[in-house]
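# Structural overview
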Amino acid sequence: MASPLKQNSPMRRTAWAILFLLLLTAIFVSSAIPRDVDVRVGDPSPANIKAPQDFIDAPATEQLRRQAMEDVPDVYEQDPGVRTQVLRSLHELFEALREVRDASRNVLDAEPTPSGEGIPSGETAGDRLPEPTVAVQEIVPLSLAVEEVELILDARDEDIDRAEELAVDTVDAMMSQGVKTQSLDAFRDQIMSVMIGSDLPPILREVTAKIAGELLQPNLLYQAEETAQRRQFAADSVRPVTIVRGEIIVPDGRVVTVEDLLRLRDAGLLGGESRWRVYISAFAYALVILLLVAGYLMRFNPKIFYSESRIVLAGMAFIVTLFACRFALELSPYIMPVATGTMLLAILLDANTAVILGLAMGLSTAVITGGNVTAVVINLVGATTAALAVSTIEERTDIMRAGLWVSLANVVALVSYLQYQGGLSIGDPILLKSALWAGGNGILSAVAAIGLLPFLESFFSILTPVKLLELANPNHPLLRELLEEAPGTYHHSMMVANLAESAAEAVGGDSLLARVGAYYHDVGKARRPYFFVENQFGGENPHDKLSPNLSALIILSHVRDGAEMAREAGLPDSLLEFICEHHGTLLAKYFYSRAQSMSEDKEVPEDNYRYTGPRPQSKETAVVMLADAVEAAARSLARPTPDRIKGVVRSIIHQRLEQGQLDKCDLTFRDLDRVADSFTRVLSGAFHHRLEYPETVVAQMKKEQEQEGEDNGHRGHNGAETS
């Protein structure tokens, strides 16, 4: 039974996933929980205490709210009925005064009868007069003294009319403006001033002012509910004061106040409270992010999801990038190297996966920056741009070009986003500084990616396009050795590379990998070059003097020799596969047939004449196998016409298919048809049929060549015109 902890087992991949989940949670927790400080009210601050994250300044915000509420005036509403009632009361009062005065005059003017008829015994006319003040107060209650009422009763009619007119006009004018309860005394003093400065007789001025003042009533009524609503609205409209990450809460040496202590508490710097909520939230957020990434890989890129080495690479790049972001944040939230991780993932894995992981890293910075939305936006834009910019690199310098694109995208995103928020102007120093950090992010990310890429390529044995281009250099030691020791094999490999590149591109494979793999597939022949026909150049064939078994052993060993040479040279495993798989498990049929013909019992074990394989496991190694056989067959054709080349190509592909050599790769019948067309097109161009010239043309060309030879000989003999 296989061990559950063997390489690339589901349990090992799950263990890696759990480890990355815990590490990501730890990064989130360390970002959310700052180091505690020990201060008390009245103590001087031991240092500059900075905000570990963005938070609301509650004391300052509350002060602004109170000020906003105080700035809202009381709400009053004018009641028109009060004004009407007061003016009516004034008219009624003066009418009452007139009635009392008229009644008093009528009684006094009446003459008694001779017999005293009509007057009870013991009474006089004066006893029948009503009390003036009582009579007036029965109609309109006022605090008028008897003397004041008598002053009015003794006044002339025109003076009373004038007093009434002036009182009504004054009260009407004031109540039209609106009279509040708390301003009654001020209005009464104003009425007194108006009356004193009027043209009324002096004896009526104060009495009239008193009458008007006492009848004056407030007609602006306080609206308590409406006032409270407006003040609450003003308080709610106050924008909270925010202390941003890195801002000094309490300067060094300043005495700590109660407000400072509240700010330190809200910043989470005082401790003393349960932090399980932070742990659970950080774990949940990390779990959601990793589940989204895992879901994407399982659904759209299972090659990475089911590969332990690639899972480890993706997880390490993810965690190390975010860990570096924690330190970069001390400089600026816009210098975090999310683009670096994304570039490396795009080069080492693929652009689609890098985009998803880059977006996940960008979302993770929301926790690291304490919810800095602008920084998150910049990181998301930079990550996406980085993945797209390095998706088609051909050399390491292209990474710097990608870094410039990231810088440009970061600056444009930062400036446009801040302008959208209506914050800083274009020339603001803070904006310029932030734009400088955002622009430098792309350059620094590219430099870091270039520096880290070789180590990751070597550690994870991953072939990147950049590495492939380096290995394709003819000056590579193995290729130079092949060229010097086995030039025929070298040129054969170059032709196989052309065929394989074209075919791989036709079936959607990695054409660059197929080309470079073809360069090295026969490198083992450099150890015994003259045992292979392409290196004999018409000389003696050493196999004629060897037994079939020994010849087969030498021929088959070029695969083993090539693998050993590749390992010694440090070639990646992906290229090693081309060396081991390009013959699959084919039988060295020529030597096997010779052995059978030379054997008496005719029973020759095939294993001694069969390549050890394995059979091609990928599209790229499969097309190299086919290209290797097709190139050799086409080169042996006496008249390589397009039709004959096509027939040979399809015959060899059919043979390999019947021999089961293509069972392990994912080439379909349609793919094989495309491979055949591609091979035919390339070979037809390489072995194009030469036109046969007529005999007369051939004779004329021969004569011209002989004449040219004579002229050259003549010039050489005389020493003239020689160089």
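This text follows the structure it describes.
Anyway, here's the lowdown on the structure attached to this text. (Residues numbered from 1 in each chain as written. Predicted model: local features only at pLDDT ≥ 70, side-chain atom pairs only at ≥ 80, totals over all residues. Heavy atoms only, no water.)

## So, the environment of Leu453
This is how it is decided: Comment: elements are numbered from the N terminus, with helices defined as DSSP H or I runs of at least four residues and strands as E runs of at least two. Relative accessible area decides the class of each residue, using a 1.4 Å probe on protein chains only: under 20% of the type maximum gives buried, over 50% gives exposed, and in between gives partly exposed. Two residues form a contact once any of their heavy atoms are found within 4.5 Å.
Relative to the elements of secondary structure, Leu453 occurs in helix H18 (residues 429-460). Relative accessible area serves as the criterion here: at 0%, Leu453 is assigned to the buried category. Residues Leu453 and Met343, spaced 110 residues apart in sequence, show a C-alpha to C-alpha distance of 9.5 Å. Beyond its immediate sequence surroundings of up to four residues, Leu453 is in contact with Leu344, Ile347, Leu348, Arg396, Ile399 and Thr464.

## Overview of helix H1 (residues 10-32)
Quick note on the threshold: Take the number of residues in a helix, subtract one, and multiply by 1.5 Å to get its expected span.
With 23 residues, H1 ought to run about 33 Å at 1.5 Å a step, and its terminal C-alpha atoms sit 33 Å apart, in line with that. All of the buried residues along H1 are Arg13, Phe20, Leu21, Leu24, Thr25, Ile27, Phe28, Val29 and Ser31. In this structure, the buried side of H1 is in contact with helix H11 (276-300), helix H12 (302-305), helix H13 (308-328) and helix H15 (351-368).

## Considerations on the pattern of salt bridges
Operational definition: Criterion for a salt bridge: a side-chain nitrogen of Lys or Arg within 4 Å of a carboxyl oxygen of Asp or Glu.
In this structure the tally under the stated criterion is 34 salt bridges. We note a salt bridge from Glu457 to Arg396, for which the minimum N-O separation is 3.3 Å. With Glu457 in helix H18 and Arg396 in the loop between helix H16 (373-389) and helix H17 (397-420), the pair connects residues that are 61 residues apart, well separated along the chain. An identical accessibility class is assigned to Glu457 and Arg396; each is buried. Measuring nitrogen to oxygen at the nearest pair gives 3.1 Å for the salt bridge that ties Arg527 to Glu564.

## A look at the packing of helix H22 (residues 511-520) against helix H26 (residues 619-635)
Our working rule: Orientation is described by lines fitted to C-alpha atoms, with helices fitted over the stretch in contact, and by angles between N-to-C directions that extend from 0 to 180 degrees. Any angle that is under 35 degrees is reported as roughly parallel, and any over 145 degrees as roughly antiparallel; angles of 65 to 115 degrees are reported as roughly perpendicular and all others as oblique. Should the near helix be turned counterclockwise from the far one by less than a right angle, the crossing is left-handed, whereas a clockwise turn marks it as right-handed. For this classification, the nonpolar set comprises Ala, Val, Leu, Ile, Met, Phe, Trp, Tyr, Cys and Pro, the charged set comprises Asp, Glu, Lys and Arg, and every other residue, Gly included, is treated as polar.
Two elements in contact, H22 and H26, have axes separated by 9 Å at closest approach and are oriented at 50 degrees. Relative to H26, the element H22 is oriented oblique. The crossing of H22 and H26 is right-handed. Contacts between H22 and H26 involve Leu513, Ala514 and Ala518 on the former and, on the latter, Glu620, Val623 and Val624. Residue composition of the contact of H22 with H26, by class: five nonpolar, no polar and one charged.

## Here we look at a nonpolar patch on the surface
Going by this rule: Exposure above 30% relative accessible area and the lack of any salt bridge qualify a residue for a patch; like charges then connect within 9 Å, and the nonpolar side chains Val, Leu, Ile, Met, Phe, Trp and Tyr within 5 Å. To measure how exposed things are, a 1.4 Å probe is used in the Shrake-Rupley method; for residues, cover is taken only from the protein chains shown.
A surface patch of nonpolar side chains, about 450 Å² in accessible area, is lined by Ile18, Leu22, Phe283, Leu287 and Leu291. Looking at the nonpolar patch, the elements that each hand over two or more residues are H1 and H11. With three residues, H11 is the largest single contributor of residues to the nonpolar patch.

## Considerations on the packing of aromatic side chains
We apply this condition: Only rings of Phe, Tyr and Trp enter the pairing, Trp through its six-membered ring, and a pair is recorded when the two centres are within 6.5 Å. The plane angle decides the type: under 30 degrees is stacked, over 60 is edge-to-face, the rest tilted.
Using the criterion set out here, one finds 10 aromatic pairs in the structure. Where Trp16 meets Phe20, the ring centres are 5.9 Å apart and the plane angle is 25 degrees; that geometry is what we call stacked. Here Trp16 pairs with Phe20, and both are found in helix H1, just four residues apart, close to one helical turn. Of the residues examined, Phe20 reaches a relative accessible area of 9% and is grouped as buried. When the centroid spacing of 5.3 Å and the interplanar angle of 35 degrees are considered together, the rings of Tyr296 and Phe300 count as tilted.

## With respect to empty space enclosed by the protein
Which entries qualify depends on this criterion: In this analysis, the protein atoms alone were mapped onto a 1 Å grid. Cavities are point sets where a 1.4 Å probe fits without being able to get out; pockets are open sets with protein on both sides within 12 Å along at least five of seven lines; lining residues have an atom within 4 Å of a point. Grid points are joined across faces, edges and corners, and a volume is the space filled by probe spheres set on the points.
Tallying each qualifying case throughout the model produces two cavities of 30 Å³ or more. Lining the largest cavity are Met336, Val338, Ala339, Ile378, Asn379, Gly382, Ala383, Val406, Asn410 and Asn441. Looking at the lining of the largest cavity, the elements that each hand over two or more residues are helix H14 (338-348), H16 and H17. In terms of residue count, H16 provides more of the lining of the largest cavity than any other element does, four residues in total. Its residues placed into classes, the lining of the largest cavity shows six nonpolar, four polar and no charged.

## Some words on the side chain of Asn535
Heads up, the rule is: Under this definition, polar contacts are N or O atom pairs within 3.5 Å; protein pairs additionally need one hydrogen-donor-capable and one acceptor-capable atom, and for neighbouring residues in sequence, both atoms have to be side-chain atoms.
As for its placement among the helices and strands, Asn535 is situated in the loop between H22 and helix H23 (548-569). A distance of 2.8 Å separates the side chain of Asn535 from the side chain of Thr489, its partner in a polar contact. Contact partners of Asn535, with chain neighbours within four places excluded, come to Ala486, Pro487, Gly488, Thr489, Pro529 and Tyr530.

## Let's talk about helix H7 (residues 184-196)
To keep things clear, this is the line we draw: It is the directions from the helix axis to the C-beta atoms whose arc is reported.
Taking 1.5 Å as the rise per residue, H7 with 13 residues should run 18 Å; its terminal C-alpha atoms sit 18 Å apart, in good agreement. The set of residues buried in H7 consists of Leu184, Phe187, Ile191 and Met195. Seen from one end, H7 has its buried residues packed into an arc of 80 degrees, which puts them on one side. Facing away from the buried side of H7, by more than 90 degrees, are the exposed residues Asp185, Asp189 and Ser193. Residues of H7 that are buried sit in contact with helix H6 (157-177) and helix H8 (202-215).

## With respect to the packing of helix H27 (residues 642-658) against helix H28 (residues 669-686)
Packed helix pairs are specified by the crossing angle of their axes together with the interaxial distance, meaning the distance between the axes. Put simply, H27 and H28 touch, their axes get as near as 9 Å, and they point 145 degrees apart. Here the hand of the crossing between H27 and H28 comes out right-handed. The segment H27 lies against H28, with Pro642, Ile645, Lys646, Val649, Arg650, Ile653 and Leu657 engaging Phe669, Leu672, Asp673, Val675, Ala676, Asp677, Phe679, Thr680, Leu683 and Ser684. Tallied by class, residues from the contact of H27 with H28 come to 11 nonpolar, two polar and four charged.

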